[in-house]
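Residue-level listing of the chains:
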Amino acid sequence: MAGSHRSKNAPTRRKRGTDGSAGGRKRGTRVLLWTAGVLAFVILAGAGGVYWIYQKLNGNITSATIDDKLGEDRPEDLSPGAKTILVAGSDTREGMDDYGAVEGMRSDTLMILHIAENREWATVVSIPRDSWVEIPSCDMGDGVMTEPHHAKINESYALGGINGDAGGAAACTIRTLEQNTGLRIENFVSLDFLGFKDMVDALGGVDMCLDEPIDDVKAHVTLEAGCQTLNGEDALGFVRVRYSVGDGSDIGRIERQQDFMNALAEKAQSKLTSPTSLYGFMDAVTKSLTTDPELASLDALYNLATELQGVPADKLTFITVPNYPRELDVPTDKANVVWDYPATEMLFTSLAKDEEITKEQLEQAAESAPSPAEVRVRVLNGTGTPGQAAEVADRLRNLGFQVVSTGNADPAETTTISYPEGLEGHADVLGSRVPGAETRQTTDDLPGVLTLTIGADFDGVRG
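Residues numbered from 1 in each chain as written. Predicted model: local features only at pLDDT ≥ 70, side-chain atom pairs only at ≥ 80, totals over all residues. Heavy atoms only, no water.

Peer 1: Just give me the short version of the side chain of threonine 291, but keep the residues and values in it.
Peer 2: The topology assignment puts threonine 291 in strand S13 (residues 289-291). Exposure remark for threonine 291: the relative accessible area of 0% places this residue in the buried category. A polar contact is formed between the side chain of threonine 291 and the backbone nitrogen of alanine 296, at a distance of 3.1 Å. Beyond its immediate chain neighbours, meaning those up to four positions away, threonine 291 contacts Ile61, Thr62, Ser63, Ala64, Phe188, Val189 and Ala296. (Helix = DSSP H or I, 4+ residues; strand = E, 2+ residues; numbered from the N terminus. Buried < 20%, exposed > 50% of the residue type's maximum accessible area, 1.4 Å probe, protein only. Polar contact = N/O pair within 3.5 Å; in protein donor to acceptor, adjacent residues only side chain to side chain. Contact = heavy atoms within 4.5 Å.)

Here's what the structure looks like:
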């Protein structure tokens, strides 16, 4: 079938590495859905009745405020001229009784889109929904604030959107991402479950080639192996399916979702001579969109898509946040993944500074770094606050580090990590979890053991 996309099983997961390879294969002329949407609008404008079309499509877009829910304790914006946007797939299931009712809002798909200030490159970072992170206190929409806790990252979307507020869902997710990445996020775009089906059907389906059959009750999809055209219902099942395909991981699902969105955008571009199909597509797209007020218009989305369209194909990079199974650090947790440091810190620090980074750089960083389970550390309290060392030790143990002892130190203004010769890589891994800590080599430490001394400037343990 001409133009069909082939979806393969997710690659075997290595013990360590970026796992960005799952979404990071070279994709040639890959474009985002917005680009197809821009081209669609241009053709529709030429078809006549443009004012009516504009008003109708512009009115479809839902606006939701987030600024009043983000709080004051946010990362500094190190690159004001760049654009950093949360992109979420919202699983509200409203009007989709066959898929079962769920309370509030859910999100199976989370991405961060960063467009460089010079508009010469862009990076899309996929966030596995099973990422085990710290979720900060969030407003549940009724004045009740949640307690900070650790959970899968997509719980942040559910907590903020428990009352059906898309702005609250996005705000809690942005707060969670900002705290765990140090990257400031100013905008969001959410695409809902039902709108995805309508987009596919408006284009007459999307062609995909499957290496194996799929039969999944949870995803409501049964597909044969081989090349075929997926309608909206089948396409929705295809991007939702997880456990019955490949290795059953969320990483594999991310790869299939990226493959399908690529095919969807190309199909939209192929319909440029059919105003009827394009109007149906744009109507479905705009009806399914919720954004912050800054992006809640066709003009704003047109400008955004135009900027993306101007990025050279080989400068649009798709990366999955470096990660590995949490089971390697916490044997009882077989369901989640943790972000791989210091590769993850390298990724988000580079984006915060508006510096381009490649998958190859991340893979090299991940391969060369020891795992937390290999890092031995003692924790000393130099703050004078009783119990601080024990509290930090517990946090580090939860992250997989070997804490060999705790104790007190002389009063210290600065948090430091000291390490014996040859353990610089171990110190980098620990330092990526303790923002602002100074790292230095010393001959005073125990053989094979790092020393974390908590000072007055201690700003917590990341993750």
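Peer 1: I'd like a description of the packing of helix H5 (residues 193-202) against helix H8 (residues 275-287), backed by residues and values.
Peer 2: At a minimum axis distance of 8 Å, the contact between H5 and H8 shows a crossing angle of 175 degrees. Here H8 runs roughly antiparallel to H5, going by the angle between their axes. Facing Gly195, Asp198, Met199 and Ala202 of H5, the residues of H8 in contact are Ser277, Gly280, Phe281, Ala284 and Val285. Counted by class, the contact of H5 with H8 contains 5 nonpolar, 3 polar and 1 charged residues. (Axes fitted to C-alpha atoms, helices over the stretch in contact; angles between N-to-C directions. Parallel < 35°, antiparallel > 145°, perpendicular 65-115°, else oblique. Nonpolar A, V, L, I, M, F, W, Y, C, P; charged D, E, K, R; others polar.)

Peer 1: Which residues make up the state of the cysteines, and what values go with them?
Peer 2: Taken as a whole and assessed by the stated rule, the structure comprises 2 disulfides. Here cysteine 138 is linked by a disulfide to cysteine 172, with a sulfur-sulfur distance of 2.2 Å. Across the S-S bond of cysteine 138 and cysteine 172 the torsion is about 90 degrees, and the bridge reads as right-handed. In this pair, cysteine 138 is assigned in the loop between strand S6 (132-135) and strand S7 (149-152) and cysteine 172 in helix H4 (residues 166-181), connecting sequence segments 34 residues apart. The pair cysteine 138 / cysteine 172 is uniform in exposure class, with both members buried. The disulfide partner of cysteine 209 is cysteine 227, and the gap between their sulfur atoms is 1.9 Å. Its S-S torsion of approximately 105 degrees makes the covalent link between cysteine 209 and cysteine 227 right-handed. You can see cysteine 209 sitting in strand S9 (residues 206-210) and its partner cysteine 227 sitting in strand S12 (residues 226-230), a full 18 residues away along the chain. You can call cysteine 209 buried: its relative accessible area is 4%. (Disulfide = S-S within 2.5 Å.)

Peer 1: I'd like to hear about the pattern of salt bridges, residue by residue, with values.
Peer 2: In the structure shown here, the tally under the stated rule is 16 salt bridges. Here lysine 69 ties to aspartate 68 by a salt bridge, and the two come within 3.5 Å at their closest N and O atoms. Note that lysine 334 is salt-bridged to glutamate 327, the shortest N-O span being 2.8 Å. Residue lysine 334 is classed as exposed on the basis of its relative accessible area of 63%. According to the relative accessible area criterion, glutamate 327 is partly exposed, its value standing at 34%. A single network of salt bridges, built from pairs that share partners, joins Lys56, Asp283 and Lys287. (Salt bridge = Lys/Arg side-chain N within 4 Å of Asp/Glu carboxyl O.)

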